[in-house]
Each structure stands twice: as structure tokens, then as C-alpha cells.
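# Structural overview
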Amino acid sequence: MRILVHGDRTDVLWHPLSGLQPWISALKEAGHQVVVTEDYPEVTLEWLGSFDVCVNYIDNWEHRGSKEAEQVFCQYLEQGGRMLTIHTGIILPGAEQLLDIHGAEFHHHPEAEEITFCPGQEHVEGQELLLEEVQPFSLVEEPYMFTMRKEGKQIYFWYTYRQEWYPAAWTVKVGTGKLVYIAPGHNEAVCGHSMIQRMYDNALAYLQV
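Below, the structure is looked at part by part. This is a predicted model, so every value here is computed, not measured. (Residues numbered from 1 in each chain as written. Predicted model: local features only at pLDDT ≥ 70, side-chain atom pairs only at ≥ 80, totals over all residues. Heavy atoms only, no water.)

## Comments concerning the environment of Gln127
Applied cut-off: Numbering of helices and strands runs from the N terminus, with a helix taken as a DSSP run of H or I at least four residues long and a strand as a DSSP run of E at least two residues long. For each residue, the accessible area found with a 1.4 Å probe, counting protein chains only, is set against the maximum for its type, and the residue is called buried under 20%, exposed over 50%, and partly exposed in between. In protein, a polar contact requires one atom able to donate a hydrogen and another able to accept it; more generally it is a pair of N or O atoms within 3.5 Å, and residues adjacent in sequence count only if both atoms are side-chain atoms.
Tracing the chain through its elements places Gln127 in the loop between β6 (113–119) and β7 (137–141). The exposure class assigned to Gln127 is buried, which follows from its relative accessible area of 0%. Along the sequence, Gln127 and Gln21 sit 106 residues apart, while their C-alpha atoms lie 26 Å from each other. In this structure the side chain of Gln127 is engaged in a polar contact, spanning 3.1 Å, whose partner is the backbone oxygen of Gln154.

## Section: the packing of helix α1 (residues 21–29) against helix α7 (residues 194–208)
Note the threshold: Each axis is a line fitted through C-alpha atoms, and for a helix only the stretch in contact is used; angles between axes span 0 to 180 degrees, taken between their N-to-C directions. Each angle gets one of four labels, with under 35 degrees taken as roughly parallel, over 145 as roughly antiparallel, 65 to 115 as roughly perpendicular, and the rest as oblique. Note on convention: the crossing is left-handed when the near helix lies turned anticlockwise from the far helix by less than a right angle, right-handed when the turn is clockwise. Working rule for contacts: check all heavy atoms of both residues, and any pair within 4.5 Å makes them a contact.
Their axes nearest at 11 Å, the elements α1 and α7 cross at an angle of 55°. Judged by the inter-axis angle, α1 sits oblique to α7. In the crossing of α1 with α7, the sense of the turn from one axis to the other is right-handed. Listed contacts from α7 to Pro22, Trp23, Ala26 and Leu27 of α1 are Gln197, Tyr200, Asp201 and Leu204.

## Looking at the pattern of salt bridges
What counts here: In what follows, salt bridge is the name for a side-chain nitrogen of Lys or Arg lying within 4 Å of a carboxyl oxygen of Asp or Glu.
In this structure the tally under the stated criterion is 7 salt bridges. Among the ionic pairs, Arg149 bridges to Glu96, the shortest N-O distance being 2.6 Å. Taken together, the residues Arg149 in the loop between β8 (145–148) and β9 (154–161) and Glu96 in helix α5 (residues 96–102) connect sequence positions 53 residues apart. We classify Arg149 as partly exposed; its relative accessible area is 28%.

Okay, here's the thing in C-alpha cells:
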């Protein structure tokens with residue numbers, strides 16, 4: 001599989017691309033072709049279309065994102081693109097159309113602490129791929145809180161924080177394209193966790209169907 005990973009190495013706010021490195025290394029070891037870039041401000045539809053999946057781990061959209069890049073990502077998805085957005089990639093201030101496509105807007109997170117993740121009780125057709133070999137687990141992570149935007153997204157994973165349940169992962173159909181959002185992914189410790197990597201790998205499999 002050809003996988004394009006977008007993020008930030010140099011002009012970083014909170015989440016450098018290095019946080020995703022444990023999973024990137026595992027993908028390469030498994031034989032996938034992975035291209036990692038921070039050139040998302042200059043992204044083109046042709047470039048995105050040359051890959052099987054686009055992974056969005058963008059951290060600094062606030063200062064580096066643009067309306068032009070937003071339109072390219074939206075067009076890519078609407079025309080059949082496949083995107084996995086992880087953790088910080090949903091923080092897209094000002095990109096209203098792209099936020100609508102993602103189905104939610106991040107608004108804050110409490111301090112990281114040990115929280116528990118587990119599958120939801122109801123799933124739509126195809127989501128069984130997302131849950132293969134995934135069991136409930138706990139780890140230290142930022143509890144991301146969202147304002148939900150779009151009807152039609154399908155939440156398949158949740159986390160519990162202070163005895164309340166919150167969405168942790170969901171799918172969205174966009175035109176002829178598909179998007180998966182997975183909230184956990186704050187740093188190398190999280191991205192190196194076996195269940196997190198299984199969730200990411202399952203998302204890639206789901207997006208290829």
C-alpha cells in the first residue's frame with residue numbers, strides 16, 4: 001500500500017510528526033511504501049491521488065493551512081479519496097468545510113491521564129473490519145472533547161473520562177470517499193501501543209474496501 005502522511009516537523013505547535021514514528025516504522029517493516037511530508041500547504045489533487053490512503057496528522061493548520069489546501073483535501077475526499085485523520089489532525093481552525101467533512105470540531109482537552117477505550121455496542125456494515133483483534137484497553141492520553149457537527153458519521157469507539165463516555169473514533173462517508181477519525185495519538189508512547197497500532201492498521205484496511 002502507498003501511504004502519504006501529512007504533519008509538521010519544524011513549525012510545530014504541540015504534536016510533531018515524530019509522535020507517529022512507531023507506527024510509521026511498523027508500516028515500513030510490513031512492506032508498505034510510506035511517504036512522510038510537511039508540505040500540506042502546497043498539496044495537489046494529483047499528488048494525493050497517487051496514494052492509496054492519506055494520513056492526516058497535521059499539527060499547525062492554524063498558521064500553515066490555507067483555503068487552497070482545504071479545497072484540495074475536500075475535493076480529494078468527495079471524488080473517492082481515502083483519509084485517516086489521527087489525533088491533532090482534526091484541529092483545523094477556519095477550515096469550516098473540512099471540519100464539516102470530519103463531522104466534529106475539537107474544542108479542548110483536560111490534562112492527560114489514564115483513560116479506558118472500548119468498542120461501542122452498535123456498528124454499521126463494514127465497521128467489523130475496524131474492530132478486528134481490538135480489545136478494551138487503558139493508557140495515558142489526552143481526553144479530546146468535541147463539538148459534533150455532521151449527521152451520518154458512525155462512532156465505533158469510545159473512551160471513559162470521569163465516569164462519562166465520549167467518542168474516540170468514527171467513520172464518515174464523503175461523496176464517493178471515506179474518512180476515519182481516531183482520537184488517540186498524542187505521542188510516541190501512545191502510537192507505539194499495540195492496540196493503537198491495531199486500530200490504525202484496521203482503519204487502513206477499512207478504507208481500502
